[in-house]
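The lines below spell out each chain.
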Amino acid sequence: MSVVGGREIAEMRRRHLAALAREVEARGLAWRFAGPGESLLAVYVPGTGRHVIVLATPCGDGWYYLWPAGGMADADRPAEVADRVRALLG
């Protein structure tokens, strides 16, 4: 992965989080951007208080999503990640 400036990293992060947001919403979950510069995705089950924070980060030649309980997956697979987050939230 080439070295890019902070703005480009922030834009790429936001793009990956937005892709995941669309997928979790399609599975009945709610979401909102959180953190400094909206750099995190808070995913939650409406009305339950159950939630998880997901981040997208550059890693090697690509990007990965990370979430609690050891969750890690390629950011090119947002549908799979949405399924895994949905399972985690019950």
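Further up the page is the structure itself.
Everything numeric here is computed off the predicted structure, so don't read it as measured data. Counting of residues starts from 1 at the beginning of each chain's written sequence and follows it residue by residue. With the structure being a predicted model, the display of local features is reserved for residues of pLDDT at least 70 and the display and counting of side-chain atom pairs for 80 or more, all residues being used for whole-chain, interface and lining totals. Side-chain numbers here rest on the full set of heavy atoms in the structure, without hydrogens or water.

### Some remarks on unusual backbone geometry
Leaving glycine aside, a negative phi is the common case for residues, and trans is the common case for peptide bonds.
And step 1. The backbone of E38 shows a phi angle near 55°, a positive value even though the residue is not glycine.
And step 2. By definition, any uninterrupted DSSP run of H or I lasting at least four residues is a helix, any uninterrupted run of E lasting at least two residues is a strand, and each is numbered from the N terminus. The topology assignment puts E38 in the loop between β1 (30-34) and β2 (40-44).
And step 3. Judged by its relative accessible area of 37%, E38 falls in the partly exposed class.
And step 4. The backbone phi angle of A69 is positive, close to 70°, even though this residue is not glycine.
And step 5. Within the secondary structure layout, A69 lies in the loop between β4 (62-67) and β5 (71-74). Three exposure classes are used, based on accessible area relative to the maximum for each residue type with a 1.4 Å probe and protein chains only: buried under 20%, partly exposed in between, and exposed over 50%.

### A few points about the pattern of salt bridges
And step 1. Whenever a carboxyl oxygen of Asp or Glu lies within 4 Å of a side-chain nitrogen of Lys or Arg, that contact is scored as a salt bridge. This structure, assessed with the given rule, holds 5 salt bridges.
And step 2. In this structure, R27 and E23 form a salt bridge, with 2.8 Å as the shortest nitrogen-oxygen distance.
And step 3. If you follow the salt bridges from partner to partner, you end up with E23, R27 and D83 in one network.

### Comments concerning the sheet that holds strand β3 (residues 51-59)
And step 1. Sheet architecture is open: 5 strands sit in the order β1-β2-β3-β4-β5, paired in antiparallel fashion. The open sheet terminates on both sides in strands that have one partner only, identified here as β1 and β5. Across this sheet, the average inter-strand angle for adjacent strands is 25°, counted without regard to direction.
And step 2. Pairing between strands is defined by DSSP: at least two bridges between them are needed. Direction of pairing for β2 relative to β3: antiparallel, over a ladder of 5 bridges. Helix axes are fitted to C-alpha atoms over the stretch in contact, other axes to C-alpha atoms as well, and angles between N-to-C directions run from 0 to 180 degrees.

### Some remarks on the side chain of R13
And step 1. Secondary-structure assignment places R13 in helix α1 (residues 6-26).
And step 2. Lacking a salt bridge, the buried R13 has E8 as its closest oppositely charged neighbour, with an N-O distance of 11 Å.
And step 3. Counting of polar contacts relies on pairs of N or O atoms within 3.5 Å, with two restrictions inside protein: one atom must be capable of donating a hydrogen and the other of accepting it, and residues adjacent in sequence are counted only when both atoms are side-chain atoms. Within the structure, R13 has its side chain in polar contact with the backbone oxygen of A56 (distance 2.8 Å).
And step 4. Each residue touching R13, except ones within four places of it in the same chain, is listed here: S39, A56, T57, P58 and W63. Asp and Glu are treated as the negative residues and Lys and Arg as the positive ones, with His and the ends of the chain left uncounted. Should any heavy atoms of two residues lie within 4.5 Å, those residues are considered in contact.

Geometric values such as these leave the question of function open.
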